[in-house]
Amino acid sequence: MNLPPQDDFFAAPDAPVAAVDATGLLKNLNPEQYAAVTAPAEPCLILAGAGSGKTRVLTTRIAWLMQTGQVTPAGVMAVTFTNKASKEMLTRLTAMLPVNVRGMWIGTFHGLCNRFLRAHWKLAGLPQGFQILDSADTVSAIKRVIRAMKLDEERFVPKQVGWFIAGAKEDAKRPGDIEPIDEQTKTLIAIYQAYEDQCQREGVVDFAELMLRSYELMKGNLAIREHYQRRFQHLLVDEFQDTNKLQYAWLKMFAPPGRGQGVIAVGDDDQSIYAFRGARVGNMADFEREYRVKKVIKLEQNYRSFSNILDSANELISRNSKRLGKTLRTDAGPGEPVRVYEAASDFAEAQWLIEEAQALHRQGVDRKEIAVLYRSNAQSRVIESALFNAGIPYRVYGGLRFFERAEVKHALSYLRLLENANDDTSFLRVVNFPTRGIGARAIELLQDAARVSGRSLYQSVGAVTGKAGSNLQAFTQLIDSTRNLTQGLTLREIIEQILEISGLSEFYRNDKDGADRLENLGELINAAEAFVTQEGFGKDAVALPVDELAPGAISDGFPVAVAPANFTPDAETGEIMSPLAAFLTHASLEAGDNQAQAGQDAVQLMTVHSSKGLEFDAVFITGLEEGLFPHENSASDADGLEEERRLMYVAITRARQRLYLCFSQTRMLHGQTRYNVKSRFFDELPESALKWLTPPRQAFGSGFAKEYQSAWERGSGLKSMVGAGRVNHDKAAWAEPAVPAAMKKKEDAEHGGLKVGKGVFHTKFGEGVLLTLEGSGADARAQVNFGRHGMKWLALSVAKLTPIDA
DNA sequence: AATGCGATACTTTTT
DNA sequence: GTATCGCATT
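Conventions used here
- Residues numbered from 1 in each chain as written.
- Chains lettered and ligands numbered in written order.
- Predicted model: local features only at pLDDT ≥ 70, side-chain atom pairs only at ≥ 80, totals over all residues.
- Heavy atoms only, no water.
- UniProt positions renumbered as here; feature names shortened; annotations may be inferred.
- Helix = DSSP H or I, 4+ residues; strand = E, 2+ residues; numbered from the N terminus.
- Buried < 20%, exposed > 50% of the residue type's maximum accessible area, 1.4 Å probe, protein only.
- Contact = heavy atoms within 4.5 Å.
- Pairing = 2+ DSSP bridges.
- Axes fitted to C-alpha atoms, helices over the stretch in contact; angles between N-to-C directions.
- Near = heavy atom within 4 Å.
- Polar contact = N/O pair within 3.5 Å; in protein donor to acceptor, adjacent residues only side chain to side chain.
- Nonpolar A, V, L, I, M, F, W, Y, C, P; charged D, E, K, R; others polar.
- Left-handed = near helix turned anticlockwise from the far one by under 90°.
- Phe/Tyr/Trp six-rings, centres within 6.5 Å; stacked < 30°, edge-to-face > 60°.
- Lys NZ or Arg CZ within 6 Å of the ring centre and 35° of its normal.
- Parallel < 35°, antiparallel > 145°, perpendicular 65-115°, else oblique.
- Core = buried A, V, L, I, M, F, W, Y, C linked by side-chain atoms within 4.5 Å.
- pLDDT = per-residue confidence, 0-100.
- Salt bridge = Lys/Arg side-chain N within 4 Å of Asp/Glu carboxyl O.

Chain A carries the name DNA 3'-5' helicase in an unreviewed UniProt entry, which gives Roseateles albus as its organism. Annotation of chain A in UniProt includes, under Sequence similarities (unreviewed entry), the sentence "Belongs to the helicase family. UvrD subfamily."

Draft legend 1. Region of the structure containing the overall build of chain A. A count of helical and extended segments in chain A gives 29 helices and 23 strands. A total of 806 residues make up chain A; the buried ones form 55% of that total. Of the contacts formed within chain A by residues at least 6 apart in sequence, a portion of 75% connects residues at least 24 apart.

Draft legend 2. Fine view of the sheet that holds strand β6 (residues 234-237). Across the sheet, which stays open at both edges, the six strands sit in the order β3-β2-β6-β7-β1-β8 with parallel pairing between neighbours. The open sheet has two edge strands with one neighbour each: β3 (105-108) and β8 (296-299). Taken over all neighbouring pairs, the strand axes of this sheet differ in orientation by 15 degrees on average, direction set aside. Along the sheet face, helix α11 (residues 282-290) touches β1 (44-48), β7 (262-267) and β8 and points at about 150 degrees away from the line of β1.

Draft legend 3. Quick look at the protein's contact with DNA strand B. Close to DNA strand B lie 24 residues, the nearest being Asn83, Arg375, Asn377, Arg401 and Thr607. At the protein interface, 52% of the atoms of DNA strand B within 4 Å belong to sugar or phosphate. For DNA strand B, a sugar or linking oxygen lies 3.2 Å from a polar atom in the side chain of His631. Ser634 is positioned such that a nitrogen or oxygen atom in its side chain is 3.5 Å from a base nitrogen of DNA strand B. Grouping the amino acids of the surface near DNA strand B by side-chain chemistry returns five nonpolar, 16 polar and three charged.

Draft legend 4. Up close: unusual backbone geometry. Put simply, Phe433 and Pro434 share a cis peptide bond, and its omega is -5 degrees. If you trace the backbone, Pro434 turns up in the loop between α16 (424-430) and α17 (440-453). The amide bond that connects Phe629 to the next residue, Pro630, takes the cis arrangement and shows omega of 10 degrees. If you trace the backbone, Pro630 turns up in the loop between β13 (616-621) and α25 (632-635). Positive phi outside glycine occurs at Lys150, with the angle close to 55 degrees. Within the element layout of this structure, Lys150 appears in the loop between α5 (135-148) and α6 (158-170). Of note, Glu239 is a non-glycine position whose phi angle comes to about 50 degrees, a positive value.

Draft legend 5. Just the protein's contact with DNA strand C, in detail. In the vicinity of DNA strand C, the residues found are Lys143, Arg381, Met668, His670 and Gly671. Taking all atoms of DNA strand C within 4 Å of the protein, the share assigned to sugar and phosphate is 36%. Within the side chain of Lys143, one N or O atom sits 3.0 Å away from a phosphate oxygen of DNA strand C. Between DNA strand C and Arg381 there is a distance of 2.8 Å, counted from a phosphate oxygen to a side-chain nitrogen or oxygen. Split by residue class, the surface near DNA strand C holds one nonpolar, two polar and two charged.

Draft legend 6. Structural view of the packing of helix α8 (residues 207-220) against helix α10 (residues 245-254). One can describe the packing of α8 onto α10 by two numbers: an axis separation of 9 Å at closest approach and a directional angle of 35 degrees. The two elements α8 and α10 cross, and the hand of that crossing is left-handed. Of the residues in α10, those in contact with Ala208, Met211, Leu212, Ser214, Tyr215, Met218 and Lys219 of α8 are Leu246, Gln247, Ala249, Trp250, Met253 and Phe254. Classifying every residue of the contact of α8 with α10 gives ten nonpolar, two polar and one charged.

Draft legend 7. Local environment of the packing of aromatic side chains. The final tally for this structure, using the stated rule, is 30 aromatic pairs. These aromatic residues form a ring-pair network of at least three members: Phe81, Trp105, Phe109, Phe116, Tyr228, Phe232, Trp250 and Phe254. We note Arg118 situated over the ring of Phe130; from NZ or CZ to the ring centre the distance is 3.7 Å. Over the ring of Tyr274 we find Arg277, and its NZ or CZ is 3.6 Å from the ring centre.

Draft legend 8. Spatial organisation of helix α12 (residues 307-317). With nine of its eleven residues buried, α12 lies for the most part within the structure. Of the residues making up α12, those classed as buried are Ser307, Asn308, Ile309, Leu310, Ser312, Ala313, Asn314, Leu316 and Ile317. Buried residues along α12 sit against β9 (338-345), α26 (638-652), β14 (655-669) and β16 (690-692).

Draft legend 9. Just the packing of α10 against α11, in detail. It is the contact of α10 with α11, at a shortest axis distance of 11 Å, that shows an interaxial angle of 25 degrees. What the angle tells us is that α10 and α11 run roughly parallel. When the axes of α10 and α11 are compared, the crossing they make is right-handed. Along its contact with α10, which presents Lys245, Tyr248 and Lys252, the element α11 presents Asn283, Asp286, Phe287 and Glu290. Classifying every residue of the contact of α10 with α11 by side-chain character gives two nonpolar, one polar and four charged.

Draft legend 10. Expanded view of the side chain of Glu369. Tracing the sequence through the fold places Glu369 in the loop between α13 (346-362) and β10 (370-374). A distance of 3.0 Å separates the side chain of Glu369 from the backbone nitrogen of Asp617, its partner in a polar contact. Those residues in contact with Glu369 that lie beyond four places of it in its chain are Glu615, Phe616, Asp617, Ala618 and Arg656.

Draft legend 11. Seen up close, the nonpolar core. Counting residues in hydrophobic clusters, the biggest one holds 60 residues, and the most contacted among them are Met77, Phe116, Trp250, Phe254 and Phe287. Of all the elements, α10 adds the most residues to this core, at seven residues. When near neighbours in sequence (up to four residues on either side) are disregarded, Phe254 contacts Met77, Trp105, Phe116, Met218, Tyr228, Gln229, Phe232, Leu235 and Gln261. Membership of the second largest hydrophobic core comes to 43 residues, among which are Phe402, Phe403, Leu417 and Leu446.

Draft legend 12. View of the confidence of the model for chain A. Considering every residue of chain A, the mean pLDDT works out to 83; 84% of them sit at 70 or more. Note that residues 557-575 has pLDDT below 50 and, in this model, 64 contacts with residues that lie over four places away or in other chains. Residue range residues 698-748 is modelled with pLDDT below 50. Its contacts to residues more than four positions away, or to other chains, number 93 contacts.

Draft legend 13. Just the pattern of salt bridges, in detail. On inspection of all chains with the given rule, the structure shows 55 salt bridges. Salt-bridge contacts for Lys252 lead to Glu290; the nearest nitrogen and oxygen are separated by 2.7 Å. In this pair, Lys252 sits in helix α10 while Glu290 sits in helix α11, placing the two residues 38 residues apart along the sequence. Judged by relative accessible area, Lys252 falls into the partly exposed class, the value being 25%. Here Arg289 makes a salt bridge to Glu290, at a shortest N to O gap of 3.8 Å. Judged by its relative accessible area of 55%, Arg289 falls in the exposed class. Within this structure, Lys169, Arg174, Glu196, Asp206, Glu209, Arg213 and Glu216 form a network of salt bridges that share partners.

Here you go:
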């Protein structure tokens, strides 16, 4: 079995292996980076610290390999987790080396799986035009299964069943491979089986299925396996600490240990923050062992932050026990201290940080270079409203992405039905949207008919009689006629047609709040247009002849052919997709931007998780309180706490010049005020790198304003960043602890100097916050939040509680 | 078929 | 506090 004649399609690398670095690729690399870039073609583990030039190393490595003739573009596979990362890699690579990007396997795990399955759809047991379910689609598909099985949705919550199924798939387990240990599991397995049947019937796959199908095909087919193992001489995996069990197993199919390929795993165990979704940091150690890695390269030189910031990160993460071991260093000097601020309330915290941010902005820091990080999304509300009231532009990461918007999903569902009418998920989404007289009853009848015959809803429409039946038939006719009508049209025209014919555009035109949605539909057309251009589905594009492949060669999606606008996919090889099918795939695999008002100079708000991989001049880490960060759900077990610490490590290392840590005495959470203790992480940071803007462990008093003012002036050391600034403080915002009226009464209660809402000290539990005082005399009891020691009820006649802060 | 009400939960998230 | 969801009413 031979490789396809690659050289016809790609310029052969011209430089001999021994060529000197003519284009200066290796210039300005530090010794470790240099070692990583020029490492021999064998397994290699790179421990890449935050800000150590990891992406540069990866891309330079690929460029170097090609420039020195060690590999052709077709021989490289580079895997990332996010589309953003793979795009970044491609952009940087093409900037270094003029290379035909099309033949390279650079992409996300799921993107590459998709590519693989498109080429081998038949062997993988999939229909040629299979479509991909996003997580919302997956949950609703599971919900349909549970309903069809007449199971209790309270007991089998679709979302949780989804986790079960995804978890099983990530363990490479099919329904038959799972031990039916109890009744519950037995039913879950039955749901899994029914869901799988349903997906197969509808010709759809979920994200986990993309991985598992590819893995199974590789595992079960020697010819395919050998072909790809021979083809890819060099594999590079980014963010290796985030890989799950299946992804690692998948990788081993493409490059098994001992096969002699160059496999480079790049990761940072200290930045592993996705254990909750199946990531196994342990894969790094397993890789080192299983691939007999001779030398682990550590990238510890940091090019991002000053040493006060780095020292804080290092000191904090040194408390973790399970580490591969790595310490970041910098030549940048100490820089400014890490500033710590204690606020009376979440409101005051927000108020303070926007004033600080404004001061930074006045001193010339771009707003987009200021990030506000928080542990959980709920925390963004207060900050957002403070920013809004102050009229400061801001941008919140997270939330709905473009392709997840309802109107966009509706449009995509119509488009999917054009491709594959048996896609029941899409069918159900739009069969009665806009409404066309097909109610719940009609759908129920249709679903029964489909179930009995084992066919799709679309195929079962004829089985429903009466008015409901004719309405259903009108719908399928609408789909059929549009499919005929749009033959040979460009993607843009197809979308324009379906938006009108379906009545979607009409619906939103008549809806008084439909303007935004209409605009998004227009945006969808733009996205399609951009996609067509980018992918080269242009008018002049030519489908490369597939039959030119060497006889008996495995068609592996290489060469990737470019299809003209109205190209019909080849039924035999399947490696050429219609622009519509390709666009639908693109839409499922890449949910699009989730940031509002991109491009504007706005303060950046995001969770710590979504800040990973980003960097900013100034970073605020907010809500550093026990129970919040570290989060109470994670702090109980050692592994959970270590992950929280890594999360904090990630947060700290986002900052280039200025880092602020802040916390609040009180916070509104789940509709009630909580009294919090400062995060234990403060005890794990080097005292010398910190500057407390508020005196530690001291109550807010009248002398405080002055104290803070001078702290600000003293702290403005870096002239390049911030000169001597004067902050205009709204006293009311912080001078008074913001205790809600309802709490006021309680606060008046007093027992030997103890006050509700104030700090107390216990010899065993340490510092805490007094929440409630009840009873009197010998019965007097107090509820105290001791943070890491939890919430305690104490009998005052026994417990020694002393007030702190007086 | 659309609106409304009460019950419920609520860490982190990419593909 | 608020967003989402299922169910019931109009």
